[in-house]
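Given next are the chains, with one letter for each unit.
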Amino acid sequence: WFKKILTRRVDPGANPISSRTCHRARWSQRDCAVSAVSQPKLAYQPCIMAKWGEGDPRWLVEERPDAKNPGNWHWSEKDASKWSKQRLGELLSDLCLEGEAGTIRTTDVTVTGEATANNRKAKLIFLYEMQIDVKWKGKTASGRAVNGKLNIPNLSEEYEIDEVDTDVTMSTESSEETRAIKELARKKYPALVAEQLHKWYKALREEYSSSLVLPTKEPAKASATPKPVADKPAKEVGVKIHSQKSSKAAGQLTCAKFSLREDFDCPASLVFETLMDEQRVSSFTQAAAKIDSRVGGQFSMFGGSVEGIIKDLVPYKRIVQAWRFTSWPEGHYSNVSIDLSEGEGKTVLTLTHSDVPDSDLERTKNGWSRLQFGPMKSLLGVGGMPFM
């Protein structure tokens, strides 16, 4: 049976087997010839393999940037322990405090534990469990030397960074002036340490996110970044919705307006691209989404229960949409404006949603907060433990 698979029936006048046509099957002409009694007009010859670029397209291997992990589907991780220990050492050393009681500064930093950056279905998940010991020293107002330690026992993804405990101890013999120095450290250092930990976490995401989530087969669609357009006022830029139909039900609607503000500890570009990428939107909403990320492009979310048209895009700054629930009267669209601004190591998202029917006001408002922005922060690895 193996011989039959590797051979084909040809004219008996054809050249029999040669090492050039199939070097793996070294059969003699006598072995491959068929008896003239049984099949006088046929002989067997090995198949010649298809040339490069030929053959059934279903078996051709294609070039794709995410070949190692197609669609970023499989769990992948990188060890961030060494990098984190080095970065935390840099951020937590030489932190100085001054007050009436004296001056102190941190010196040696010791970090134990581990940290990993993970990707699953294009979701970024950061897991870490570390303990930090920091030595400090200083002088009282009278010039007496003092020293002690800062201990951070529970730096973990299970807690918000602002909830991390910072214990302050002093090694120097206790006195009134040394206790004043310890009190200075106890009051001031926790906030200063938390600020440095936020810087570490932001740097952790930036360092490992880009290499973990591979570009997809269609990079233009995955990046969802439209061509830059001029930053013009909303009145001059946009697209009219020609599909609107006036109906009696739509004309009788009483509508309202609301605004929301959300803080994201990541660049505005990442927030913008996530909102415009249908794969990421499907991930954090846990429902089907389709987004044509260009001005005039249509979108649908939550399996088609929300639909609309993109009216204006200013890359990394602004998104304007005509937005509606499909249960609303035909032709009625509300207006959504999302503005992004960066400052102080975070991105502020301001949403303004107008022309929302009164009957759906709370449903719409809660949907943005609970079903979109909350899970979106988890997807980006900000604001707590990412959802699985």
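We now turn to the structure provided with this report. (Residues numbered from 1 in each chain as written. Predicted model: local features only at pLDDT ≥ 70, side-chain atom pairs only at ≥ 80, totals over all residues. Heavy atoms only, no water.)

Within the element layout of this structure, Lys-139 appears in strand β6 (residues 123-140). Separated by 36 residues in the primary sequence, Lys-139 and Thr-103 place their C-alpha atoms 5.6 Å from one another. Once residues within four sequence positions are removed from consideration, Lys-139 is found in contact with Ala-101, Gly-102, Thr-103, Arg-144, Ala-145, Val-146 and Ile-181. (Helix = DSSP H or I, 4+ residues; strand = E, 2+ residues; numbered from the N terminus. Contact = heavy atoms within 4.5 Å.)

With that settled, the discussion passes to the packing of helix α8 (residues 278-285) against helix α9 (residues 361-380). A packed helix pair is summarised by two numbers, namely the angle formed by the two axes and the spacing between the axes. At a minimum axis separation of 8 Å, α8 and α9 run at an interaxial angle of 105 degrees. Judged on the interaxial angle alone, α9 and α8 are roughly perpendicular. Contacts from Arg-280, Ser-283, Phe-284 and Thr-285 of α8 reach α9 at Leu-371, Gln-372, Pro-375, Met-376 and Leu-379. Looking at the contact of α8 with α9 residue by residue, the classes come out as five nonpolar, three polar and one charged. (Axes fitted to C-alpha atoms, helices over the stretch in contact; angles between N-to-C directions. Parallel < 35°, antiparallel > 145°, perpendicular 65-115°, else oblique. Nonpolar A, V, L, I, M, F, W, Y, C, P; charged D, E, K, R; others polar.)

With 37 residues, the main nonpolar core has Ile-132, Leu-155 and Trp-200 as its most contacted residues. Of all the secondary-structure elements, those providing two or more residues to this core are α3 (81-92), β5 (102-120), β6, β7 (145-156), β8 (167-170) and α4 (176-212). The element contributing the most residues to this core is α4, with 11 residues. In contact with Ile-132, not counting residues within four places along its chain, are Leu-88, Leu-92, Val-109, Thr-110, Val-111, Leu-150, Asn-151, Ile-152, Leu-155 and Leu-197. (Core = buried A, V, L, I, M, F, W, Y, C linked by side-chain atoms within 4.5 Å. Buried < 20%, exposed > 50% of the residue type's maximum accessible area, 1.4 Å probe, protein only.)

Looking now at the packing of helix α7 (residues 268-276) against α8. Following both chains from N to C, one finds α7 and α8 inclined at 85 degrees, their axes separated by 5 Å at the closest point. In terms of axis orientation, α7 runs roughly perpendicular to α8. Note on element contacts: α8 touches α7 through Glu-278, Arg-280, Val-281 and Phe-284, opposite Leu-270, Glu-273, Thr-274, Leu-275 and Met-276.

Moving on, we come to α9. Between its first and last C-alpha, α9 extends 27 Å over 20 residues, near the 28 Å set by a 1.5 Å rise per residue. Along α9, the sharpest kink reaches roughly 35 degrees, centred on Gly-367. When α9 is considered as a whole, its buried residues turn out to be Leu-361, Thr-364, Gly-367, Trp-368, Gln-372, Phe-373, Pro-375, Met-376, Lys-377, Ser-378, Leu-379 and Leu-380. Once α9 finishes, Gly-381 follows within two positions and takes phi at roughly 80 degrees, a positive value. (Expected span 1.5 Å × (residues − 1). Bend = angle between axes of the 7 residues up to and from the residue.)

Now for empty space enclosed by the protein. Under the criterion given, the structure shown has one cavity of 30 Å³ or more. What lines the largest cavity is a set of 13 residues, and nearest its centre among them are Leu-275, Met-276, Met-301, Gln-321 and Gln-372. Secondary structure elements with two or more residues in the lining of the largest cavity: α7, α8, β11 (298-301), β13 (318-325) and α9. Of the residues in the lining of the largest cavity, the class split is 11 nonpolar, two polar and no charged. (1 Å grid on protein atoms, 1.4 Å probe; cavity = no way out; pocket = protein on both sides within 12 Å on 5 of 7 lines; lining within 4 Å. Points joined across faces, edges and corners; volume = space filled by probe spheres on them.)

This part takes up a negative patch on the surface. Residues Glu-77, Asp-79, Glu-114, Glu-129 and Glu-158 make up a contiguous surface patch of negative charge. Within the secondary structure layout, Glu-77 lies in strand β3 (residues 76-79). (Patch = residues over 30% accessible without salt bridge, like charges linked within 9 Å, V, L, I, M, F, W, Y side chains within 5 Å. Areas by Shrake-Rupley, 256 points an atom, 1.4 Å probe, with all protein chains shown as cover. Salt bridge = Lys/Arg side-chain N within 4 Å of Asp/Glu carboxyl O. Lys, Arg positive; Asp, Glu negative; His and termini not counted. Charge placed at Lys NZ, Arg CZ, Asp CG, Glu CD.)

The final tally for this structure, using the stated rule, is 11 aromatic pairs. Here the aromatic rings of Trp-323 and Phe-325 are separated by 5.0 Å at their centres, their planes lie at 75 degrees, and the arrangement is edge-to-face. Relative accessible area serves as the criterion here: at 8%, Phe-325 is assigned to the buried category. Among the aromatic residues, those joined into a ring-pair cluster are Phe-264, Trp-323, Phe-325, Trp-328, Trp-368 and Phe-373. One residue, Arg-324, lies across the ring of Tyr-333, its end atom 5.5 Å from the ring centre. (Phe/Tyr/Trp six-rings, centres within 6.5 Å; stacked < 30°, edge-to-face > 60°. Lys NZ or Arg CZ within 6 Å of the ring centre and 35° of its normal.)

A sheet is described by the order of its strands in space; here seven strands give the open sequence β9-β15-β14-β13-β12-β11-β10, paired in antiparallel fashion. Both outer strands of the open sheet, β9 (255-264) and β10 (290-291), are each paired with one neighbouring strand and no more. Relative to β11, β10 is paired through two bridges, and the arrangement is antiparallel. Residue Ile-291 lies in a different strand from β11, and its bridge partner there is Phe-299. In this fold α9 packs onto β9, β11, β13, β14 (334-343) and β15 (346-357), with an angle of close to 15 degrees to the strand it touches most, β9. (Pairing = 2+ DSSP bridges.)

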